[in-house]
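Summary of structural features
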Amino acid sequence: MKKLYLIFIISSQLLVAQETSSFQGGEWLKFRLSYSGWLKAGNATLEVFDDVYNNIPVYKVVAKGWTTGPLNWVFKVEDHYESHFDKQTGLPYKFVRNTYEGGYTKNRIIDFDRVQNKAYINDVKEQSTSSFNIENDIQDLVSAYYFLRNNYETELLKKGDIVKLNIFFDSETFPFKLKYLGQESIKTSFGKIKCIKFRPYVMAGRVFKEEESLTLWVTADANKVPIKISATLDVGSLRADLVALKGLRHPFEIQF
């Protein structure tokens, strides 16, 4: 479970977009996380707020993940992430990570200087500060999800096309890329949903069985919300399913 919520957030970055915004303040999504298809591992939520950062209109997104049931007794997880990003450019100004994973904790605040292209890290737990050079288009772990929803046209993608993005997390920049696999309709708790399918590339050997172990389905409607995420691990598998939602900007399309 230690990697489950992080996998979910990274995978969610694969969402794509159209000419108008695919989300708005008030959007809330809840996911059920499970291990090997049957053992409930926890829950995750994503919530969007209209906010202001240094007199600039921003979206504030709060992402949470927590274990439930027997797994919570063995390896308790309580993760809290925040991103404050520009409503026009989608670029983040502030990122917060406050996590508890099996006794291991992190509490960091990252401020992005868009003029100097610097990331300033305040490690609250360690009582230390540091700074790093960044690219001018850098995203954080949460803002990338919403940036891609509004900046990629699925109509322009062909099967096999690769989408790339640079993300700053903890104290380093890592390249993130995914392959477009086309469209597929899947059965969900809401009914049958027409989806867009992606295959993100991950590091094989540590957690994942191979480089292409992860698959993501997002709605093919104007919202582009994640419906299902599936990952094959060295031992077992992980899965996230959308189970509740509210505040969508566009109609949620169900085939039947």
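Above this note sits the structure.
As the structure is a computational prediction, the values presented were derived from the model and not from experiment. (Residues numbered from 1 in each chain as written. Predicted model: local features only at pLDDT ≥ 70, side-chain atom pairs only at ≥ 80, totals over all residues. Heavy atoms only, no water.)

A few words now on the overall build of the chain. Within the chain, the secondary structure is distributed over 3 helices and 14 strands. Within the span of the chain, comprising 256 residues, buried residues form 48% of the whole. Within the chain, residue pairs in contact and separated by at least 24 positions form 51% of the contacts whose partners lie at least 6 positions apart. For the chain, the accessible area works out to roughly 12,200 Å², and carbon and sulfur atoms hold 48% of it. (Helix = DSSP H or I, 4+ residues; strand = E, 2+ residues; numbered from the N terminus. Buried < 20%, exposed > 50% of the residue type's maximum accessible area, 1.4 Å probe, protein only. Contact = heavy atoms within 4.5 Å. Areas by Shrake-Rupley, 256 points an atom, 1.4 Å probe, with all protein chains shown as cover.)

Take the pattern of salt bridges next. For the coordinates displayed, the defined rule picks out 9 salt bridges. Linking aspartate 170 and arginine 97 is a salt bridge whose minimum nitrogen-to-oxygen distance equals 2.7 Å. Of this pair, aspartate 170 sits in the loop between strand S9 (162-169) and strand S10 (172-188) while arginine 97 sits in strand S5 (residues 92-101), and the two are 73 residues apart along the sequence. Overall, aspartate 170 belongs to the buried group, its relative accessible area being 17%. Two residues, arginine 108 and aspartate 123, come together in a salt bridge whose shortest N-O distance is 3.1 Å. Here the residue arginine 108 occupies a position in strand S6 (residues 104-113), and aspartate 123 occupies one in strand S7 (residues 118-123), the gap between them amounting to 15 residues. According to the relative accessible area criterion, arginine 108 is buried, its value standing at 16%. Connected through shared salt-bridge partners, Arg97, Lys106, Arg108, Asp123 and Asp170 make up one network. (Salt bridge = Lys/Arg side-chain N within 4 Å of Asp/Glu carboxyl O.)

Once that is clear, we can look at helix H3 (residues 143-151). Here H3 lies mainly inside the structure; 7 of its 9 residues are buried. Buried residues of H3: Ser143, Ala144, Tyr145, Tyr146, Phe147, Leu148 and Arg149, and no others.

Turning our attention to the nonpolar core. Within the largest apolar cluster, 52 residues are counted, with the highest numbers of intra-cluster contacts made by Phe95, Phe112, Tyr146 and Phe168. Each residue touching phenylalanine 95, except ones within four places of it in the same chain, is listed here: Tyr81, Glu82, Ser83, Arg108, Ile109, Ile110, Phe112, Asp140, Leu141, Val142 and Phe169. (Core = buried A, V, L, I, M, F, W, Y, C linked by side-chain atoms within 4.5 Å.)

Okay, the pairing of S9 next. If a strand is regular, its side chains alternate between the two faces of the sheet. In this structure, S9 lies alongside S10, joined through 8 bridges in antiparallel fashion. Directly across from valine 163, in S10, lies its bridge partner leucine 178. Following S9, the chain reverses through 2 residues before pairing antiparallel with S10; aspartate 170 in that reversal takes a positive phi of roughly 60°. (Pairing = 2+ DSSP bridges.)

Relative to the elements of secondary structure, lysine 64 occurs in strand S3 (residues 56-67). Residue class for lysine 64 comes out partly exposed when judged on its relative accessible area of 37%. Along the sequence, lysine 64 and tyrosine 81 sit 17 residues apart, while their C-alpha atoms lie 6.4 Å from each other.

A word on the side chain of arginine 199. Residue placement: arginine 199 occurs in strand S11 (residues 191-200). Accessibility expressed as a relative area gives 18% for arginine 199, which makes it buried. At 3.0 Å, the side chain of arginine 199 forms a polar contact with the backbone oxygen of leucine 214. (Polar contact = N/O pair within 3.5 Å; in protein donor to acceptor, adjacent residues only side chain to side chain.)

Looking now at the packing of aromatic side chains. Taken as a whole, this structure holds 13 aromatic pairs when the rule is applied. For the ring pair tyrosine 59 and phenylalanine 85, a centre distance of 5.9 Å and an interplane angle of 45° mean the geometry is tilted. Of this pair, tyrosine 59 sits in strand S3 while phenylalanine 85 sits in strand S4 (residues 77-86), placing them 26 residues apart in sequence. Each member of the pair, tyrosine 59 together with phenylalanine 85, is buried. Between tyrosine 180 and phenylalanine 198, the aromatic rings sit 5.6 Å apart at their centres with planes inclined by 55°, giving tilted as the arrangement. (Phe/Tyr/Trp six-rings, centres within 6.5 Å; stacked < 30°, edge-to-face > 60°.)

Moving on, we get to the pairing of strand S12 (residues 214-219). Within S12, 6 of the 6 residues are buried, which leaves the element mostly enclosed by the surrounding structure. Because side chains alternate across S12, one face comprises the buried residues Leu214, Leu216 and Val218, and the other comprises Thr215, Trp217 and Thr219, equally buried. The sheet contact formed by S11 and S12 spans 4 bridges and is antiparallel. Bridged to lysine 197 within S12 is tryptophan 217. Inspection of the sheet shows S12 paired to strand S13 (residues 226-232) by 5 bridges, in the antiparallel sense. Paired with leucine 216 across the strands is isoleucine 229, a residue of S13.

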